[in-house]
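One letter stands for each residue in the lines below.
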Amino acid sequence: MTTYLQELVLEGLPLFRRGKVRDTYDLGDNLLMVATDRVSAFDVVLSEPVPNKGAILTGMSTFWFELTRDLTPNHVVSTDVCDLPEIATPFRNALDRRFMIVKKAERIDIECVVRGYLAGSGWAEYKQDGAVCEEPLPAGLVESSRLDKPIFTPAAKNDSGHDENISIARMEAAVGKELTDQLKNASLALYGFAERYARKRGIIIADTKFEFGFINGQLTIIDEMLTPDSSRFWDVNLYEAGRPQDSFDKQPLRDWLMETGWDRNPPAPSLPASVIQATADRYRTAFERLTEMEFTSNRG
Ligand SMILES: Nc1ncnc2c1ncn2[C@@H]1O[C@H](COP(=O)(O)OP(=O)(O)OP(=O)(O)O)[C@@H](O)[C@H]1O
Ligand SMILES: [Mg+2]
């Protein structure tokens, strides 16, 4: 039984993209997305994997894709090992539950960010201008405040890593007004649904990022969806406006790294087993609260 996966190179399959966490292979009309157990903090990939993280993230994305399929079509083709390409079958045990075969889309180069709470760059902008992404907000909000109405704050996707927050006007200039409206409406609807769903189950999704593309001319949600890697997850029980919130998943890791005095340049110090375990437990708890299913590290 494999409990972690950090480096797996599928020889013979062309790489589409290698991100911090996922390795994506090109299957022609489809992509094979493999979520490894790599973890990053402060934008640096750490040298130790977090056991089962890839399976948990894949399980969570799959869960949301299924739950929201009537709201927005998605790119998922299969998560069944029987559908792996021949060349990947020797690795089927390692890949099991960590991969998704998806339809390759014409990607729209906009990160569709929705914020329901004031945190990160949204809080920074509000403090300075009283507005986020040129959307004026009421006075008197504090850090982590819940917004009366979630806001859509797009960013331009930049493959070199640093995405740039842009105004709606700039998004309209880039992709047109009609598509901007469609993306905004779809993103707000997905976030609104997911935020309510998760809050009832003990998790606040403070903000999240969606990606969309076209598949056979149809607007489709792609990439990963509503995972702690693409969103800010907070614990409902610990939430208190007026201060920064602990991140549900990576807080033990961030706290420990800060304590070491690390300067955030790679390589990061190597993690003690207790910190890895605490992080793995957080990912598992997030999965179990949201899906109301038990996560077991082997398929029964
Ligand atoms: N169905 C799809 N069709 C085409 N491209 C897709 C599809 N789904 C996801 N993508 C793209 O595949 C890439 C996956 O890369 P990945 O997210 O692993 O790394 P990254 O975004 O480059 O870096 P990071 O690790 O910081 O997220 C992204 O560029 C994403 O936009
Ligand atoms: Mg990405």
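For the structure, check the block above.
Reference entry: report on the structure contained in this document.

Cut-offs used in this document
Residues numbered from 1 in each chain as written. Chains lettered and ligands numbered in written order. Predicted model: local features only at pLDDT ≥ 70, side-chain atom pairs only at ≥ 80, totals over all residues. Heavy atoms only, no water. Helix = DSSP H or I, 4+ residues; strand = E, 2+ residues; numbered from the N terminus. Rg over C-alpha atoms; globule rule 2.2 N^0.38 Å. Buried < 20%, exposed > 50% of the residue type's maximum accessible area, 1.4 Å probe, protein only. Contact = heavy atoms within 4.5 Å. Areas by Shrake-Rupley, 256 points an atom, 1.4 Å probe, with all protein chains shown as cover. Lys, Arg positive; Asp, Glu negative; His and termini not counted. Charge placed at Lys NZ, Arg CZ, Asp CG, Glu CD. Near = heavy atom within 4 Å. Polar contact = N/O pair within 3.5 Å; in protein donor to acceptor, adjacent residues only side chain to side chain. Nonpolar A, V, L, I, M, F, W, Y, C, P; charged D, E, K, R; others polar. Domains from an automatic or database assignment. Disulfide = S-S within 2.5 Å. Phe/Tyr/Trp six-rings, centres within 6.5 Å; stacked < 30°, edge-to-face > 60°.

Regarding the overall build of the protein chain
- Helix and strand content of the protein chain: seven helices and 17 strands.
- Rg of the C-alpha trace for the protein chain: 19 Å, near the compact-globule value of 19 Å for 300 residues, within the 12% margin.
- In terms of overall dimensions, the protein chain has C-alpha extents of about 60 × 50 × 35 Å along its principal axes.
- Relative to its 300 residues, the protein chain shows a buried fraction of 49%.
- Considering only intrachain contacts with a sequence separation of at least 6, the fraction spanning at least 24 residues in the protein chain is 65%.
- Accessible area of the protein chain: about 14,300 Å², with a carbon and sulfur share of 47%.
- Side chains of the protein chain carry 35 positive and 46 negative charges; the gap between the two charge centres is 2 Å.

What about the site of ligand 1?
- Around ligand 1, the surrounding shell holds 18 residues, and the nearest of these are Arg17, Lys20, Arg22, Arg107 and Glu211.
- The separation between an oxygen atom of ligand 1 and a polar side-chain atom of arginine 107 is 2.8 Å.
- Of all elements in the fold, only strand S1 (15-18), strand S3 (30-35) and strand S7 (99-103) reach the threshold of two or more residues within the shell around ligand 1.
- Residues of the shell around ligand 1, tallied by class, amount to seven nonpolar, two polar and nine charged.
- Of the domains in this structure, domain 1 (1-104) and domain 2 (106-238) are the two that each give at least three residues to the shell around ligand 1.

Here's the deal with the state of the cysteines
- One pass over the full model with this rule turns up zero disulfides.
- The thiol sulfur of cysteine 133 is not disulfide-bonded, and the nearest other cysteine sulfur, from cysteine 112, lies at 11 Å.
- For cysteine 133, a relative accessible area of 12% corresponds to the buried category.

Describing the environment of valine 44
- Relative to the helices and strands, valine 44 resides in strand S5 (residues 44-45).
- For valine 44 and arginine 264, which are 220 residues apart along the polypeptide, the C-alpha to C-alpha distance reads 7.5 Å.
- Those residues in contact with valine 44, other than ones at most four positions away along the chain, are Val39, Trp262, Arg264, Pro266 and Ala268.

Digging into the packing of aromatic side chains
- What the rule picks out here adds up to 11 aromatic pairs.
- When the centroid spacing of 5.6 Å and the interplanar angle of 70 degrees are considered together, the rings of tyrosine 117 and tryptophan 234 count as edge-to-face. On the criterion of sequence distance, the pair formed by tyrosine 117 in strand S9 (residues 110-117) and tryptophan 234 in strand S17 (residues 231-235) is long-range, its members being 117 residues apart. This pair shows no difference in class: tyrosine 117 is buried, exactly as tryptophan 234 is.
- Ring centres of tryptophan 234 and tyrosine 239 lie 5.9 Å apart, and the angle between their planes is 15 degrees; on these two criteria the pair is classed as stacked.
- Residue classification places tryptophan 234 among the buried positions, given a relative accessible area of 3%.
- Overall, tyrosine 239 belongs to the partly exposed group, its relative accessible area being 25%.
- A network of ring pairs unites the aromatic residues Phe63, Trp64, Phe193 and Tyr197 as a single cluster.

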